[in-house]
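Coordinate analysis (summary)
Each chain, letter by letter, is given below.
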Protein chains: 2
Amino acid sequence: MTLNPADTGFVDHLRAVLPADTLRPAEPRYLEEPRGRYHGQAGVIALPRSTEEVATLLRAAHTARVPVVPYGGGTGLVGGQIMGAAGPAPLVISLERMTALRGIYPQENVIAVEAGMILADVQRAATEAGRLFPLSLAAEGTARIGGTLATNAGGVNVLRYGNARDLCLGLEAVLPTGEIWHGLSRLRKDNTGYDLRNLLIGAEGTLGIITAASLKLSPIPAEQGTAMLTVASPAAAIDLLAMARDQLGETISAFELIHRQGLEFLRETLPDLRLPFAELPDWCVLIDLGLPKGRSPADALAALFETALDAGLCADGVIAQSEAQRQALWSVREHIPEGNRRIGSVSSHDISIPISRIPDFIVEGGKRLAALGDMRINCFGHLGDGNLHYNVFPAQGKDRRAYEHLRDEVKRCVHDLTHEYDGSVSAEHGVGRLKVADLARYGDPVKLAAMRAIKQALDPHGIMNPGAVVPRAD
Amino acid sequence: MTLNPADTGFVDHLRAVLPADTLRPAEPRYLEEPRGRYHGQAGVIALPRSTEEVATLLRAAHTARVPVVPYGGGTGLVGGQIMGAAGPAPLVISLERMTALRGIYPQENVIAVEAGMILADVQRAATEAGRLFPLSLAAEGTARIGGTLATNAGGVNVLRYGNARDLCLGLEAVLPTGEIWHGLSRLRKDNTGYDLRNLLIGAEGTLGIITAASLKLSPIPAEQGTAMLTVASPAAAIDLLAMARDQLGETISAFELIHRQGLEFLRETLPDLRLPFAELPDWCVLIDLGLPKGRSPADALAALFETALDAGLCADGVIAQSEAQRQALWSVREHIPEGNRRIGSVSSHDISIPISRIPDFIVEGGKRLAALGDMRINCFGHLGDGNLHYNVFPAQGKDRRAYEHLRDEVKRCVHDLTHEYDGSVSAEHGVGRLKVADLARYGDPVKLAAMRAIKQALDPHGIMNPGAVVPRAD
């Protein structure tokens, strides 16, 4: 299928059917991404103000067979928002002007927003209505809700509240042919036909553009508490998680594994950050708890700590006794990516593994990487979801440039091992363009064929975000 | 697309490629459904023992263009498991021999089972491992897990734990062309491509046959409690729900609305059943609570009752003080469908409405039905999910046969009103064959076109459960 560039003829046509200020020349900020690994191109940037304008844009692109790149907050880490110079220059559609609150229904625990609303603004609108929108991730001040849905974003509260998919009740979207699907339902139960919502969620803009979403809100937990407990090993951390869930059920909002390496990076690169342990433990976990009225989270965490101590799962721990102490503990966890950035990784991996296989995976991963060279591994993340950020760094004192030739081999090694352990090489960041080859390598061939058939059925000219997510058939 | 019957030639071919006892002549039990409204036909019944045998069956049907009806427990209420005499006789594939436990992983809170396992057996296997499989519905002793997933079943615990879709992590399935998709993942996070899982869930066997599923388990709540509280109106019930969620968060497992009419039916048809109120209230709610260790649910419910009393939301109530009392309160709720059956409805409706619009809906529904004739309405159900079972009965002393001519009009009236209130005419029972015309009438046309395109892409010969779910294009 040959696509045409968004050239002056195409842009002139768009100018004729849309308000003058809808279109802008390509600015660099739409053509870069956070890790600097992709550099994009664009024939034109469109900033529609309404779903109808998005539909006009897609109808024109469908007719002219011009590639379209949907653009949210630009925070994606896998190049899904960047189409490189190899193909025809695309029409980039940014939703940044579509930021309206469509409605908020506290009694129903529902909020409906346009796709361009920034994630932190959704959280804020919910809080003002006395509710919680629990999706929370590092980029929340920039990421837009359409992008978080298109990539099925995760974050720190997935254990309790689920990922973006689990938080979405309905969508309004423009399909690749320019037709508007009005599916902005507030219903919790609706079994009327195929699940188009979940097909668009996680499709990373290859099956259409999400223009609005209705999202689930939750009660704000009456009491919150946080503890950081040292554990002897990942296996002990998993046993502690099971014990915590037995005692505290779904009230555990986060259960994060932290490795000594991450704490050492923090001590090295952010020496002012206060770490809770004078002697750094090999492993520790951060537990966050949100309880209904009537019980103190600090007491509940102290009871858990005592049981865990008796069972030999924990050796030491800090339980926050105030909100400031809670924030201080979370600050350690939240600065780990910054520590990583300052050290500079050889290769980073967003993987998930069946939880009970994680301890063996970590041992085996260390062995295999040691065979490749002298490297440091910072393995941390959302243990409760089986989601590890498994990042590989140069040995102490070495420069990452000395490892450039090893990068592909390291990635292949980690991804092969992940696949052997029934894991996923894309847990929460998506496939984008970075992992299309991985999908072709590790994906189930029947699923890949079904994906291609669905893509062809809904986007017959292949205009939507070409090159992302769907591997070509051999 | 012309389909061919599963005639002797086709059956002879199957006999040549499958073990002799895989095939059986059509027995009546596969051709009837619980409400007796559909009568099916079959060329042959197949009882495969493995996923490979299911694949062999579908490959043969795909090649010969023979229609296929997947059969689970046969408990569906919308005719999804019954193909009538109008078309060619289908191949009916029952999963009843595929009941194996594939694996249980208590540390991961995951169970993997074959699709033919009975729902109650899944619950039992989870309990034996110290975990909860929360999907619970009236037919759980007969329904099979493949059917509950294919129809995205709901039940009484959706408020807390979600519907079948929310409880599924991965699927193994045979697609219409006979290819096996190996997607039996135990991962909580996996963003590698389109969400084929959720496309098959709720597709009611029109896009393939689910052969196995990995399912989420939960901790068993340490303490459970139940209360039945009278409320003045549905609006008061909704306010009480919001208050309960503010106080108790997600620990509320069920919040069921009960109307006086349902209690009167019970008193009339099941006089031995003990009702908790001597004088029947107009409306009451059943609240179920599952708490982590450390707090008594009876105390928590008493505190809620007191606040609700002060706020004028409740007038009276019963809080279970023992497991026996809990069961007695639940028994009232669970016998309501039996009471309905004994009275005999004119028309029953499984609908959902945005929660805050339910009070107006109920008032308006009563008015519109009164204009059609003298009827009794029993409106009850899962208020926390916005899911009402809105069932219409003959006036006291009248026979349902006297209303036969009104049935279609009543259904149309209720469904039109549901649609006006942004609701769904199929909340948890699915579309099947009963509601295909409703889907054509009320469904979003862009979504319907996308459904047809997806169906065509994955099932090019249209063999899978023809006539169910997907309305024909005009």
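Details of the structure are given in the entry above.
Given the structure is predicted, the values throughout are model-derived calculations rather than measurements. (Residues numbered from 1 in each chain as written. Chains lettered and ligands numbered in written order. Predicted model: local features only at pLDDT ≥ 70, side-chain atom pairs only at ≥ 80, totals over all residues. Heavy atoms only, no water.)

So, the state of the cysteines
Formally: Disulfides are defined as cysteine sulfur pairs within 2.5 Å. Only protein chains enter the accessibility calculation, which uses a 1.4 Å probe; a residue is then buried when its area is under 20% of its type maximum, exposed when over 50%, and partly exposed in between.
Applying the stated criterion across every chain, the model contains zero disulfides over all chains. The thiol sulfur of Cys-379 of chain A is not disulfide-bonded, and the nearest other cysteine sulfur, from Cys-284 of chain A, lies at 12 Å. Residue classification places Cys-379 of chain A among the buried positions, given a relative accessible area of 2%. The structure places no disulfide on Cys-314 of chain B, whose sulfur is separated from the nearest cysteine sulfur, that of Cys-284 of chain B, by 10 Å.

Re the relation of the copies chain B and chain A
Each of the two copies of the chain can be brought onto the other by a rotation about an axis and a shift along it. Quick note on the threshold: Only residues with pLDDT of at least 70 in both copies count here: their C-alpha atoms drive the least-squares fit that superposes the copies. By the convention used here, residues are in contact when the closest approach between their heavy atoms is within 4.5 Å.
Overlaying chain B with chain A gives an RMSD of 0.0 Å, the required rotation being 180° about an axis along which the chain moves by 0.0 Å. Read as a symmetry element, the transformation amounts to a two-fold axis. Interface overlap between copies: 100% of the residues of chain B at the interface are likewise at the interface in chain A, consistent with a symmetric, same-surface contact.

Structural notes on the interface of chain B and chain A
A common way to express how large an interface is: the accessible area buried when the components associate. Applied cut-off: When two parts are put together, the accessible area they lose, computed with a 1.4 Å probe and summed over both, is reported as buried area. The term salt bridge refers to a pairing of a side-chain nitrogen on Lys or Arg with a carboxyl oxygen on Asp or Glu at a separation within 4 Å. For the purposes of this entry, the term helix denotes a DSSP run of H or I that reaches at least four residues, the term strand denotes a run of E that reaches at least two, and both are numbered from the N terminus.
Taken together, the contact pairs 82 residues of chain B with 83 residues of chain A. Ranking the residues of chain B by area buried against chain A places Lys-189, Asn-191 and Tyr-194 of chain B at the top, with a combined share of 16%. Counting across the interface, chain B meets chain A through ten salt bridges. Between Arg-165 of chain A and Asp-195 of chain B there is a salt bridge whose closest N-O contact spans 3.1 Å. Among the elements of the structure, α5 (158-161), β9 (180-183), α6 (196-200), α7 (234-248) and α14 (445-458) of chain B are those that each provide at least two residues to the side of chain B that touches chain A.

Quick word on the sheet that holds strand β5 (residues 101-105) of chain A
The pairing of strands in a sheet comes from backbone hydrogen bonds and takes either a parallel or an antiparallel form. Residues and elements named next belong to chain A. Counted only if it meets this: At least two DSSP bridges between two strands are needed for those strands to be called paired. Angular values range over 0 to 180 degrees, each being the angle between N-to-C directions of two axes fitted as lines to C-alpha atoms, with helices fitted over their stretch in contact.
Overall, antiparallel pairing links the five strands, which are arranged β5-β6-β10-β8-β9 in an open sheet. Unpaired on one side and paired on the other, β5 and β9 (180-183) mark the two borders of the sheet. Averaged over all pairs of adjacent strands, the angle between their axes in this sheet comes to 15°, without regard to strand direction. Sitting on the sheet, helix α2 (residues 51-64) is in contact with β5, β8 (168-174), β9 and β10 (209-216), with an inclination near 50° to β8.

Things to note about empty space enclosed by the protein
Worth spelling out the cut-off: Cavities and pockets were defined on a 1 Å grid built over protein atoms only: a cavity is a set of grid points that admits a 1.4 Å probe from which the probe cannot escape, a pocket is an open set flanked by protein on both sides within 12 Å along at least five of seven lines, and lining residues are those with an atom within 4 Å of any such point. Grid points are joined across faces, edges and corners, and a volume is the space filled by probe spheres set on the points. Three classes are used: nonpolar for Ala, Val, Leu, Ile, Met, Phe, Trp, Tyr, Cys and Pro, charged for Asp, Glu, Lys and Arg, and polar for all others, with Gly counted as polar.
A full pass over the atoms with the stated rule returns eight cavities of 30 Å³ or more. Its boundaries defined by the atoms lining it, the largest cavity holds a volume of some 100 Å³. What lines the largest cavity is simply Leu-248, Leu-291, Pro-292, Lys-293, Gly-294 and Arg-295 of chain A together with Leu-248, Leu-291, Pro-292, Lys-293, Arg-295 and Ala-300 of chain B. Here the residues of the lining of the largest cavity sort into seven nonpolar, one polar and four charged.

What about the packing of α7 of chain B against helix α11 (residues 358-372) of chain B?
All names here are of chain B. We apply this condition: We call two directions roughly parallel when the angle between them is under 35 degrees, roughly antiparallel when it is over 145, roughly perpendicular when it lies between 65 and 115, and oblique otherwise. Note on convention: the crossing is left-handed when the near helix lies turned anticlockwise from the far helix by less than a right angle, right-handed when the turn is clockwise.
It is the contact of α7 with α11, at a shortest axis distance of 8 Å, that shows an interaxial angle of 165°. The angle between the axes of α7 and α11 places the two elements in the roughly antiparallel class. Classified by chirality, the crossing of α11 by α7 is right-handed. Between α7, through Pro-234, Ala-235 and Ile-238, and α11, the contact on the second element is made entirely by Ile-358, Pro-359 and Ile-362.

Considering the side chain of Asn-152 of chain B
For the record, the criterion: Two N or O atoms count as a polar contact when they lie within 3.5 Å, although within protein this holds only if one can serve as hydrogen donor and the other as acceptor, and sequence-adjacent residues are included solely when both atoms are side-chain atoms.
Among the structural elements, Asn-152 of chain B can be located in the loop between α4 (145-150) and α5. Side-chain polar atoms of Asn-152 of chain B contact the side chain of Asn-191 of chain A, separated by 2.8 Å. A distance of 2.9 Å separates a polar side-chain atom of Asn-152 of chain B from the backbone nitrogen of Arg-165 of chain B.

Focus: the nonpolar core
Within soluble globular proteins, side chains that are nonpolar generally end up buried alongside one another. Note the following rule: We call a set of buried residues a nonpolar core when its members are Ala, Val, Leu, Ile, Met, Phe, Trp, Tyr or Cys and they connect through side-chain atoms within 4.5 Å of each other.
Within the largest apolar cluster, 142 residues are counted, with the highest numbers of intra-cluster contacts made by Leu-91 of chain A together with Leu-91 of chain B. Once residues within four sequence positions are removed from consideration, Leu-91 of chain B is found in contact with Ala-6, Phe-10, Leu-14, Val-44, Ala-46, Leu-57, Ala-61, Val-66, Pro-67, Val-68 and Val-69 of chain B.

Some words on α2 of chain A
Residues and elements named next belong to chain A. This is how it is decided: Each residue after the first adds 1.5 Å to the expected span of a helix.
Relative to the 20 Å expected for 14 residues at 1.5 Å per residue, α2 spans 20 Å between its end C-alpha atoms, a close match to the ideal helical length. α2 sits mainly inside the fold: ten of its 14 residues count as buried. Considered for burial, the residues of α2 that qualify are Thr-51, Glu-53, Val-54, Ala-55, Thr-56, Leu-57, Leu-58, Ala-60, Ala-61 and His-62. Following α2 by one or two positions, Arg-65 adopts a phi angle in the positive range, close to 55°.

Brief notes about the pattern of salt bridges
When charged atoms on two side chains of opposite charge get close, those side chains can pair. Residue and element names in this part refer to chain A. Applying the stated criterion across every chain, the model contains 56 salt bridges over all chains. Residue Arg-29 pairs with Glu-96 through a salt bridge whose shortest N-O separation is 3.0 Å. Within this pair, whereas Arg-29 is found in the loop between β1 (23-24) and β2 (44-46), its partner Glu-96 is found in the loop between β4 (91-94) and β5, the two being separated by 67 residues in sequence. With its nearest N and O atoms 2.9 Å apart, the salt bridge here joins Arg-368 to Glu-420. On the criterion of sequence distance, the pair formed by Arg-368 in helix α11 (residues 358-372) and Glu-420 in helix α12 (residues 407-420) is long-range, its members being 52 residues apart. Judged by its relative accessible area of 28%, Arg-368 is partly exposed. Its relative accessible area of 43% is what places Glu-420 among the partly exposed residues. Beyond isolated ion pairs, a larger network of salt bridges with shared partners links Arg-24, Glu-27, Arg-29 and Glu-96.

Let's talk about the sheet that holds strand β3 (residues 68-71) of chain B
All names here are of chain B. With mixed pairing, the four strands of this open sheet are ordered in space as β1-β2-β4-β3. Edge positions in the open sheet fall to β1 (23-24) and β3, since each of these has one partner strand only. In the sheet, β1 pairs with strand β2 (residues 44-46) via two bridges, with the strands oriented antiparallel. Residue pairing in the sheet places Leu-23 in a bridge with Ala-46 of β2. The strands that helix α2 (residues 51-64) touches are β2, β3 and β4 (91-94); relative to β4, the one it contacts most, it runs at about 165°.

Structural notes on the pairing of strand β10 (residues 209-216) of chain B
All names here are of chain B. Counting buried residues along β10, seven of its eight residues qualify, which places the element largely inside the surrounding structure. Where strand β6 (residues 110-114) lies against β10, five bridges are found, and the strand directions are antiparallel. Across the sheet, residue Ile-111 finds its bridge partner in β10, namely Leu-215. As defined by bridge partners, strand β8 (residues 168-174) adjoins β10 across six bridges and the pair is classed as antiparallel. Bridging from a neighbouring strand, Ala-173 pairs with Ile-210 of β10.

The analysis is restricted to geometry; functional conclusions fall outside its scope.
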